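A closer look at the structure
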Amino acid sequence: MANSQGTPPVIAPGHTFGTVTDKISAIVLARKTPIGWYAGFAAAFALTLLLLVSLTYLVLKGIGIWGNNEPIGWAFDITNFVWWIGIGHAGTLISAILLLLRQTWRTSINRFAEAMTLFAVSCAGIFPLFHTGRPWLAYWLLPYPNTMNVWPQFRSPLVWDVFAVSTYATVSLLFWFVGLIPDLATLRDRSQSKAGRIIYGMLAMGWRGSSRHWHRYETAYLLLAGLATPLVVSVHTVVSFDFAVSIMPGWHTTIFPPYFVAGAIYSGFAMVLTLAIPIRAVYQLEDFITMRHLQNMAKVMLVTGLIVAYGYMTEAFIAWYSADKYEGFVPLNRLTGPYALAYWSLILCNVAIPQLLWLKRVRTSVPVLFVISLIVNVGMWLERFVIIVTSLHRDFLPSSWGMYSATFWDWSTYIGTIGLFLALLFLFLRFLPMISIFEMRTILPEARVDEEAI
Amino acid sequence: MATSPAVYGVLAEFEDPTSLVSAAHQAHEAGYRRMDAYSPFPIEELHEAIGAHHTRLPLIVLIGGLCGCIGGFALQYWASTIAYPINVAGKPLNSWPAFIPVTFECTILVAALSAVLGMLALNGLPMPYHPVFNVPRFALASRNRFFLCIEAKDPQFDLESTRRFLETLNPREVTTVAD
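Residue numbers restart at each chain and count upward from 1, following the sequence in its written direction. Chain A is the first chain written and ligand 1 is the first ligand written, with later ones labelled in order. The model is predicted, so local features are restricted to residues of pLDDT at least 70 and side-chain atom pairs to those at 80 or more, both for listing and for counting; the totals for chains, interfaces and linings are taken over all residues.

1. A few points about the overall build of chain A
Short version of the rule: We count a stretch as a helix when DSSP gives it H or I for four or more residues in a row; a strand needs E for two or more, and each element gets its number in order from the N terminus. As defined in this context, the radius of gyration uses C-alpha atoms, and a globule is described by 2.2 Å times the residue total to the power 0.38. Whether a residue is buried, exposed or partly exposed follows from its count of other C-beta atoms within 10 Å of its own C-beta, namely 20 or more, 12 or fewer, or something in between, respectively; the C-beta atoms are built from the backbone.
When helices and strands are counted, chain A shows 15 helices and zero strands. In terms of overall size, chain A behaves like a compact globule, its C-alpha atoms giving a radius of gyration of 23 Å where 454 residues would be expected to give roughly 22 Å. The dimensions of chain A, computed from C-alpha atoms along their principal axes, are 80 × 60 × 40 Å. Out of the 454 residues in chain A, the part that is buried amounts to 49%.

Written as structure tokens, this is what we have:
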């Protein structure tokens, strides 16, 4: 379909090693910081302060300030946790899986997608940490010799989750930092200020582009990609085990691991689009983040969105097919119960509206893609809310049924993490190269070694 | 070995990757061994052209991964059966299928750490100072220029003749690198 008028290039013609280097590094080193950066950072930082206020108040009062109750012990906190972790997954997918599949178009978006992963995982971590109520004792989750002589319960998916998420955060950081080293060397060599040379120089660790170093570097990067690929699949699988291993109707299903992984990629690509579209406009990066990238991401969203839709159908089908009345009640309750509005909005956002992406006219329209990406972000948040809250609020015994409504502090913590995410992202855009400079050089035509001439 | 100790080597600058790879080939054919090539991005052919060997990194990562795997499982086995045995729903104390997710995560974690730390260690990084940085134009090695450095440690190295040899490879410029 995309080939009817020729596929748009992954990098605009006419660029050389020098222009690519200068254009990307100038954003950090030379260009005047756009006024929009200050406005955006100020707004994001204000929301980060709201997060700090919310968490401080939480520590003072306890988690009773949230709307969580019996039977709805998990609500906004775990919804937000799963939402943020899921968003992070697109970064790893772009950087690792697309690298292994030799998709060169990933090159101009992998750096900031990886940064997005890192910041999303940081936001995700806040929720379970503070949901413990006593975050200063969170190290109890880790196995360490202690005077109480107790050890974590390794049969519990919640302990698996601690290992999965902390491994994921560590490996994402390593992957991102290793990718940055050669670009930090470029910034060190091009910085006009002494402070810049020292700071970027320390971070670059003396990288000098030696061919022996490059060889090991490429090996390490490829191995990291190979390790991160099963890791990213395992992380959301383990997150889904938090639910699927329980016996709660609506959670106890085997479709959860693949459906969670597809949902994670779906929401992650939506977030990459949400971020990439304004960034390429503000920093005039249309040469590097071309229509090809936006269209490819739209196609990935369409495919993963269909897998998610299949997941919804399977959930409902298995609930009926199991002939278990408690299981059978769950989809009915979702469709017609007190949270029906959330369920129908979710279907609208995640299944109905994204079908527009079948149309080429939609995939090539930047504003429409931006709006759809926002809608999918909302839809994926609603999906987790529906899974968690509607399953918990009507369990086996009507005597233990309940209702959940979010409090001010639920909202302020959630919005606060969005602020933290954006604040970190603004700092990243200002101080580090948002596009991998050395990988952009490799996809230029002049990078090819002419074997004939040797 | 008519070199003064203050010389690290001779550095030739090239404008494109093909000339660098071809220069590296010719230097290797001329018998030079202690040399290195510098480029702003990885060039697959370059590593072989200077006659470098395979890297041991994959082996390090394999060993790291196995250590993580065995260590992760051993930790869970020891904690669940010896240090803190609890009967959960009548399951055996060594309920190994439940230990697989954490074993897997530990495998990946240690393998990834070995990949990064192993790569840095084999490359001898961090190393903030290196003689090639003494050449001002070397700053372009991280932008758009390609360099070949024949080091004074090479048995064939002779400041004058090595310089003359590099001049024949059509470089943009040849510089002596102070140590």
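2. Looking at the overall build of chain B
Note the following rule: For the purpose of contact definition, each residue receives a C-beta atom placed from its backbone, and two residues are in contact when these atoms lie within 7 Å.
Secondary structure assignment for chain B yields five helices and four strands. Secondary structure elements of chain B, listed N to C terminal, follow the sequence β-α-β-α-α-α-β-α-β. Scaling as 2.2 N^0.38, a compact globule of 179 residues should have a C-alpha radius of gyration of about 16 Å, whereas chain B reaches 25 Å, well beyond that. Its C-alpha atoms give chain B principal-axis dimensions of about 80 × 30 × 30 Å. Looking at chain B as a whole, 45% of its 179 residues are labelled buried. Put simply, of all contacts in chain B between residues at least 6 apart along the chain, 79% involve residues at least 24 apart.

3. Regarding the packing of helix H3 (residues 57–83) of chain B against helix H4 (residues 100–122) of chain B
Residues and elements named next belong to chain B. Rules: Axis definition: a line fit to C-alpha positions, over the contact stretch in the case of helices; interaxial angles, taken between N-to-C directions, run 0 to 180 degrees. Two helices cross in a left-handed way if the nearer one is turned anticlockwise from the farther one by less than a right angle. They cross in a right-handed way if the turn is clockwise. Residue type decides the class: Asp, Glu, Lys and Arg count as charged, Ala, Val, Leu, Ile, Met, Phe, Trp, Tyr, Cys and Pro as nonpolar, and the leftover types, Gly among them, as polar.
Where H3 contacts H4, the two axes come as close as 7 Å, and the packing angle between them is 150°. By crossing handedness, the relation of H3 to H4 is classed as right-handed. When its residues are assigned to classes, the contact of H3 with H4 shows 15 nonpolar, 10 polar and no charged.

4. Focus: the pairing of strand E1 (residues 7–14) of chain B
Within a regular beta strand, the side chains point alternately toward one face of the sheet and then the other, so they alternate between its two faces. Residue and element names in this part refer to chain B. The line we're drawing: Only when DSSP finds a minimum of two bridges between them are two strands counted as paired.
Counted residue by residue, E1 has seven buried out of eight residues, so it is predominantly covered. Where E1 and strand E4 (residues 173–178) come together, six bridges link them in antiparallel fashion. Paired with Ala12 across the two strands is Val174, which belongs to E4. As paired elements, E1 and strand E3 (residues 146–151) share six bridges and run antiparallel to each other. Residue Leu11 lies in a different strand from E3, and its bridge partner there is Cys149.

5. Things to note about the sheet that holds E3(B)
Residues and elements named next belong to chain B. Read across the open sheet, the four strands follow the order E2-E3-E1-E4; overall the sheet is antiparallel. The strands lining the two open edges of the sheet, one partner per strand, are strand E2 (35–38) and E4. Pairwise comparison of adjacent strand axes, ignoring direction, gives a mean angle of 20° for this sheet. Docked against the sheet, helix H5 (residues 159–167) engages E1, E3 and E4, running at close to 10° with respect to E1.

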